[in-house]
Amino acid sequence: MLVETALAPRPLWFSNKKRFKPGDQLTVAGDSLPMLVTGDASGSIKLTLESFEAVDGHPCAVFSVTGDYSRHQFPDFEGIYTDEEVTIESGKLWLSLLHPLVLREELKTVQTIKSGPGGSQSTRGQGSIQLSVKRSWKPL
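All figures in this text were calculated on a predicted structure; none of them were measured in a lab.

Participant: Just checking my understanding: could you explain the pattern of salt bridges for this structure?
Facilitator: Opposite charge on two side chains permits them to pair, given that their charged atoms come into close proximity. Per the stated rule, a full pass over the model turns up 6 salt bridges. D24 is paired through a salt bridge with K21; the nearest N and O atoms lie 3.4 Å apart. Among the residues examined, D24 registers a relative accessible area of 16% and is labelled buried. Residue K21 is classed as exposed on the basis of its relative accessible area of 53%. Between R104 and E106 there is a salt bridge, with the nearest N and O atoms lying 3.2 Å from each other. Residue classification places R104 among the partly exposed positions, given a relative accessible area of 25%. Residue class for E106 comes out partly exposed when judged on its relative accessible area of 29%.

Given below as structure tokens:
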């Protein structure tokens, strides 16, 4: 939960050995997926570097994004475990150039969600979801 809400850095990030320029593409899958999706996730996400810009003064690389992922038994803020399948039809991610953080997300997705207390199913939903998240990262 801390990583998902940018209260802690992600366990993986870009290598400092490779430089990206606008137009470069990267597929994030397998062991690299925790770079973008927390929890027990599988799938593949394609990133294309579009530009560089700041989020509240914090320098970021802006990537367009498409792909699919699923994750199982992911806890929400209420402690209810959720299984989800997500297709990212289009969107953008603002990834920090200084720390392993996703500072902004603008995504158009199709999601299938099943959740329930203690792993038992009590809620099920499917539909198109537009997600817009902006996080602030400031030193204490």
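Participant: Teacher, can you tell me more about unusual backbone geometry here?
Facilitator: Notably, D56 is not glycine yet its phi reads approximately 50°, a positive angle. Looking at where D56 falls in the secondary structure, it is placed in the loop between β2 (40-55) and β3 (58-75). Positive phi is not limited to glycine here, since Q73 has a value of about 55°. Position of Q73 relative to the elements: it lies in strand β3. By relative accessible area, which is 37% here, Q73 ends up partly exposed.

Participant: Honestly, the nonpolar core in this entry has me stumped. Any pointers?
Facilitator: Side chains that are nonpolar tend, in soluble globular proteins, to be buried together. Membership of the largest hydrophobic core comes to 18 residues, with the highest contact counts inside it found for L36, I45, L47, V65, I88, L93 and L95. Within the residue set of this core, elements represented by two or more residues are β2, β3, β4 (81-96) and β5 (102-116). When residues no more than four places from it in sequence are discounted, the contact partners of V65 are I45, K46, L47, I88, S90, G91, K92, L93 and L107. In terms of nonpolar packing, the next biggest core, distinct from the first, is built from 6 residues, V55, V62, L101 and L103 among them.

What counts as what
- Residues numbered from 1 in each chain as written.
- Predicted model: local features only at pLDDT ≥ 70, side-chain atom pairs only at ≥ 80, totals over all residues.
- Heavy atoms only, no water.
- Salt bridge = Lys/Arg side-chain N within 4 Å of Asp/Glu carboxyl O.
- Buried < 20%, exposed > 50% of the residue type's maximum accessible area, 1.4 Å probe, protein only.
- Helix = DSSP H or I, 4+ residues; strand = E, 2+ residues; numbered from the N terminus.
- Core = buried A, V, L, I, M, F, W, Y, C linked by side-chain atoms within 4.5 Å.
- Contact = heavy atoms within 4.5 Å.

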